[in-house]
Amino acid sequence: MTVISVPQEFNAEELYVDLRPSLGRPLFLKCEGFNFAGSIKVKPAVEMVNAAEQAGRLTSRSILVESSSGNLGVALSMIAASKGYRFLCVTDSRCNLSTRLLMKALGAEVHVVTESDPQRGLLGARLDFIHGLCASDERYVWLNQYANPGNWLAHYRTTAPSIARSFPELDVLFVGAGTTGTLMGCARFFREWHRPVRIVAVDAAGSVTFGGAPGRRMIPGLGTSVRPPLLDESYVDEVVLIEEADTIRACHRLARHGFLFGGSTGTVVSGALDWLARHDQLGLTAVGIAPDLGERYVDTVYQANWVQGLYGDEVLGSSELSVATR
Ligand SMILES: Cc1ncc(COP(=O)(O)O)c(C=O)c1O
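Residues numbered from 1 in each chain as written. Predicted model: local features only at pLDDT ≥ 70, side-chain atom pairs only at ≥ 80, totals over all residues. Heavy atoms only, no water.

(A) Fine view of unusual backbone geometry. For Asn-144, which is not glycine, the phi dihedral falls at a positive 55 degrees. Here Asn-144 is to be found in the loop between strand E6 (140-142) and helix H6 (149-166). Take Asn-144: its relative accessible area is 18%, and that puts it in the buried class. With a phi angle near 75 degrees, Thr-180 is a residue other than glycine that sits in the positive phi range. Within the secondary structure layout, Thr-180 lies in the loop between strand E7 (172-176) and helix H7 (181-191). (Helix = DSSP H or I, 4+ residues; strand = E, 2+ residues; numbered from the N terminus. Buried < 20%, exposed > 50% of the residue type's maximum accessible area, 1.4 Å probe, protein only.)

(B) Summary view of the site of the ligand. The environment of the ligand is made up of 15 residues, and the closest members are Lys-41, Gly-178, Thr-179, Thr-182 and Ser-264. Take Thr-179: an N or O atom from its side chain is 2.6 Å from an oxygen atom of the ligand. Notes on the ligand: free accessible area 380 Å², of which the protein chains cover 97%. Class assignment for the residues of the shell around the ligand results in 4 nonpolar, 9 polar and 2 charged. (Near = heavy atom within 4 Å. Polar contact = N/O pair within 3.5 Å; in protein donor to acceptor, adjacent residues only side chain to side chain. Areas by Shrake-Rupley, 256 points an atom, 1.4 Å probe, with all protein chains shown as cover. Nonpolar A, V, L, I, M, F, W, Y, C, P; charged D, E, K, R; others polar.)

(C) Quick look at the packing of helix H2 (residues 42-54) against helix H3 (residues 71-83). Remark: H2 packs on H3, axes separated minimally by 9 Å, with the N-to-C direction vectors making an angle of 50 degrees. The orientation of H2 relative to H3 falls into the category oblique. H3 is crossed by H2, and the crossing has right-handed handedness. Here H2 contributes Val-42, Ala-45, Val-46, Met-48, Val-49, Asn-50 and Glu-53 to the contact with H3, which in turn contributes Leu-72, Ala-75, Leu-76, Met-78, Ile-79 and Lys-83. Split into classes, the residues belonging to the contact of H2 with H3 amount to 10 nonpolar, 1 polar and 2 charged. (Axes fitted to C-alpha atoms, helices over the stretch in contact; angles between N-to-C directions. Parallel < 35°, antiparallel > 145°, perpendicular 65-115°, else oblique. Left-handed = near helix turned anticlockwise from the far one by under 90°. Contact = heavy atoms within 4.5 Å.)

Right, here's the structure in full:
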């Protein structure tokens with residue numbers, strides 16, 4: 001029996017899906033969605049809040065503020081509620097409606113930015129809004145997940161050692177890149193490990209993180225329009241870029257087997273399957289990280305009209321997707 005008294009105390013750290021029976025490739029998917037915030041972001045949220053408290057930056061007068069595409073916002077809403085802080089999440093129009101409602105249900109304020117900065121996109125506009133707030137009122141405390149070392153340290157201390165314990169023969173790890181906190185924490189841990197592990201970053205096409213040209217991206221979680229300051233590419237062995245149509249195909253393919261994962265998991269799985277198809281798989285131990293579950297995406301990734309309107313009929317036309325069109 002597990003008994004907790006604050007929501008951030010619980011996280012299922014050791015759950016994996018073996019995708020070989022359903023997708024035919026040797027890939028274990030680490031499921032990070034089983035906690036009260038519903039995503040991997042509970043770990044950096046706890047780490048960054050604790051560090052700010054210990055440094056004396058966060059006090060009972062403070063108002064936490066953070067820019068988030070959704071999941072860190074939900075995790076901080078939960079922690080702020082449990083600790084009695086006020087919290088304002090600055091997000092943008094791509095944030096799922098259900099995610100916004102979740103934050104509000106947890107007592108957070110949500111500000112939705114709708115106008116892009118011409119060069120730095122919606123993320124740039126979110127950051128400008130936060131800079132303005134912090135300059136206007138000293139009670140605002142911005143954890144800044146894009147540059148806060150607590151973001152990658154959380155994964156260096158928890159996610160990566162847990163994978164290492166479960167897979168002592170690990171050869172390759174597939175990690176989606178948003179702020180690159182997960183990627184950098186895992187990559188730093190495995191660089192110091194006793195065995196070489198290939199670190200493959202999976203990003204959305206249209207993201208500028210690894211130097212690509214900016215393009216339209218509609219699925220929250222992965223990709224950036226401003227290069228993440230946490231990223232140190234010398235730790236990354238390979239980068240795979242995935243089109244959003246392929247992300248959706250992978251999500252729907254998993255759903256056909258009863259596994260409803262979030263959008264970024266579709267990107268990671270699609271990237272991992274591509275990579276595994278190009279490499280000798282014999283005896284390879286491969287793990288991918290699934291940052292959240294699919295319920296928050298039922299009105300986007302899993303909704304026929306949304307998919308059709310943005311990506312055309314071809315995506316919906318595939319036999320794998322028929323369930324979503326019913
Ligand atoms: C659904 C989802 N996937 C992936 C990520 C990327 O994780 P990271 O910011 O550690 O790169 C996030 C980050 O918010 C996310 O919400």
